[in-house]
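Letter by letter, the chains look like this.
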Amino acid sequence: MASKKSLHKHRSHLITEGRSRLPQRAFLRATGFDDTSMKKSIVGVVTTQGENTPCSMNLAPQADQARLGIAAGGAHPVVFSTVSVSDGVSMNHAGMSMSLPSREIIADSVELVVSGHAYDALVAFGGCDKTLPGLMMALIRLNVPGAFIYGGAALPGILPLPVSGGDTQVISILDANEVLGQLPLEGEEDRLRAVELNCLPTVGSCAGQYTANTMGMVGEALGLSPLGSSMLPSVYSARLAQARYTGELVTQLIEAGGPLPRELVTRQSLENAAAAVAATGGSTNAALHLPALAHEAGIKFSLEDVAAVFKRTPLIANLQPGGQHLAKALYEVGGVPVVLKSLLDGGKLHGEVLTLDGRTLKEALKDVATPDGDVVRSCADPISPNGGLIVLYGNLAPEGALLKVAGLKRLQFDGPARIFETEEDCMEAVASHNYQEGDVLIIRNEGPKGGPGMREMLAVTSRLYGQGMGEKVALITDGRFSGVTRGMCIGYVGPEAVSGGTIGLVKDGDIISIDAEKGFLEVLLTDQELAKRKANYVPPQKILSGVLQKYAAVVGPAHLGAVTHAGGKDSE
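Residues numbered from 1 in each chain as written. Predicted model: local features only at pLDDT ≥ 70, side-chain atom pairs only at ≥ 80, totals over all residues. Heavy atoms only, no water.

## Regarding the packing of helix α11 (residues 211–222) against helix α14 (residues 267–279)
At a minimum axis separation of 8 Å, α11 and α14 run at an interaxial angle of 145 degrees. Considering only the axes of α11 and α14, their crossing is right-handed. Across from Thr-214, Met-217, Val-218, Ala-221 and Leu-222 in α11, the residues of α14 making contact are Ser-269, Leu-270, Asn-272, Ala-273, Ala-276 and Val-277. Taken together, the residues of the contact of α11 with α14 break down into eight nonpolar, three polar and no charged. (Axes fitted to C-alpha atoms, helices over the stretch in contact; angles between N-to-C directions. Helix = DSSP H or I, 4+ residues; strand = E, 2+ residues; numbered from the N terminus. Left-handed = near helix turned anticlockwise from the far one by under 90°. Contact = heavy atoms within 4.5 Å. Nonpolar A, V, L, I, M, F, W, Y, C, P; charged D, E, K, R; others polar.)

Written out as structure tokens, the structure is:
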């Protein structure tokens, strides 16, 4: 543990001490404070608990245990909540525009509560996709002693034997997304219902290495979460003990003066987090969230920096959607620490970075088990010498675009463009099989500003994959993809269409060339032709109001994290 000046009541003295604070103390007494409480550090405990998504329904019991740990550590806990938007429910309709903006609202709302009430520290619990980066962004921005705890993944489901054909079949939400493409447009109602009833049998987040589990892993790699915490299944009672331990640990961080979030989130730990994502074939959304987390710490860490780490990191974890196993399997072989230890032993991580309890990563991983060889491999025996994610550049994506290559059999693709101005237009064509093998489907006007909100295209990509066309067509968008997405699907294209990006200039029939091995994404047009089209380009106008109007006015480009403020004070 760092040996520095205690941060006991470093903020909360403003509301509890002195004659002039009588009104504030009166308010606090109405919440249950007494004379003893007034002398203690105040620790906020924030959750996204709610019934709008299974990802958040297990957070309140964990937060309650953190509250007990904080009290045992001699501080006073105060529980509050913030919003969440379920990607699973908001998918494939206008509601998905609200998902990415909710990341900023979560970070902003936590900042408002912690700063407005002068809390000394924070323990944050999140479950659904954007809640994880949003809460970690708040921790870094506030830079108070604190920790983030991911609520954990749901257990996998089992397809009933009469439907599975006699063999036990493990299923997850991935199957729910792809089954509609696998079956005829009509009929097979028994199988559809069986998947619906059984793919998500418990509360918790999606069970594969999708965005929630990926960002839980990022929390551990950055040092914002206790090592070994994120892959614990959501319904395991060990989560209660983990939360209680974390609450007490945060009180120790107060007394020790750190390490603080901006001491944990450094360029080196960001590179470690990017390596963990690449090594596990994690969600492409991580390449959007890592720059945003860095931004809060005052560190420039763009998509280009992420790409450099992806390129030098081997794929060592056999996890869905590109591989075979789910989060529970990773937990059973040792969790995230096994992945990090394998990368560290392979020379792919910075071992000198700090973990939440103050030890270096190298010290903390000293006694971690070796990889099992199936779920996780050593760097000497990787699934692939390159990571499961790559960044493409070219005249179609000067600022970069992301492709998940984990599980892909085909790394080159050339074909004619088929243009769709919205996700709904493309979904209609895909659902009715109104496209051809070899097409490059382009969905544009779905970026951070153009959407606005940068919607995920999971419904389209999963339907394509379910139809057996995941690598027989390509899909390109300035929007996002879900962590569940697999196939020749390229997202986060920058600049986006409304910002004058080339993706807005492409026409039906233009030839698109993709080479994942060389890392380029091109439309086969001359610079002169592109300049001519750009001179005549008029971005579509959308009538906006409310939160999306505000978001579109301030959001930045995807390759810098789609952030909405000037960033943290440089901590380096």
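Having put the structure on the table, let's press on.
## Description of unusual backbone geometry
Going from Gly-258 to Pro-259, the amide bond is cis rather than trans, its omega being 10 degrees. Inspection of the secondary structure assignment puts Pro-259 in the loop between α12 (238–256) and α13 (261–264). Omega for the bond connecting Gly-451 with Pro-452 falls within 30 degrees of zero, at -20 degrees, which places this linkage in the cis form. Residue placement: Pro-452 occurs in the loop between β10 (440–443) and α21 (458–466). With a phi angle near 65 degrees, Tyr-492 is a residue other than glycine that sits in the positive phi range.

## Here we look at the pattern of salt bridges
Under the defined criterion, the tally for this structure stands at 24 salt bridges. For Lys-130, the salt bridge identified is with Asp-87, shortest N-O distance 2.7 Å. Of this pair, Lys-130 sits in the loop between β3 (121–126) and α7 (131–142) while Asp-87 sits in helix α5 (residues 87–90), and the two are 43 residues apart along the sequence. Across the pair, Asp-87 and Lys-130 agree in class, each one buried. One salt bridge in this structure joins Asp-357 and Arg-359, with 3.0 Å as the shortest N-O distance. The exposure class assigned to Arg-359 is partly exposed, which follows from its relative accessible area of 39%. Here the residues in one salt-bridge network are Asp-87, Asp-129, Lys-130, Glu-456 and Arg-480, joined through shared partners. (Salt bridge = Lys/Arg side-chain N within 4 Å of Asp/Glu carboxyl O. Buried < 20%, exposed > 50% of the residue type's maximum accessible area, 1.4 Å probe, protein only.)

## Examining a negative patch on the surface
On the surface, Glu-186, Glu-188, Glu-189 and Asp-190 cluster together to form a negatively charged patch. Here Glu-188 is to be found in the loop between α9 (173–182) and α10 (189–198). (Patch = residues over 30% accessible without salt bridge, like charges linked within 9 Å, V, L, I, M, F, W, Y side chains within 5 Å. Areas by Shrake-Rupley, 256 points an atom, 1.4 Å probe, with all protein chains shown as cover. Lys, Arg positive; Asp, Glu negative; His and termini not counted. Charge placed at Lys NZ, Arg CZ, Asp CG, Glu CD.)

## Observations concerning the pairing of strand β8 (residues 397–404)
Counting buried positions along β8 yields six of eight residues, so the element is predominantly enclosed. Bridge count between strand β7 (residues 389–394) and β8: five bridges; the pairing is antiparallel. Considered in β8, the bridge of Leu-392 is made with Ala-401. Following β7, the chain reverses through two residues before pairing antiparallel with β8. In the sheet, β8 pairs with strand β12 (residues 489–494) via three bridges, with the strands oriented antiparallel. Each bridged residue has a counterpart across the sheet, and for Leu-402 the counterpart in β12 is Gly-491. (Pairing = 2+ DSSP bridges.)

## Overview of the sheet that holds β3
Whenever strands of a sheet pair, they do so through backbone hydrogen bonds, lying parallel or antiparallel. Strand order in this open sheet of four strands is β2-β1-β3-β4, and the pairing throughout is parallel. Here the strands that pair on one side only, and so sit at the sheet edges, are β2 (76–81) and β4 (146–150). Each strand axis lies, on average, 15 degrees off the axis of its neighbour in the sheet, ignoring direction. With five bridges joining them, β3 and β4 adopt parallel strand pairing.

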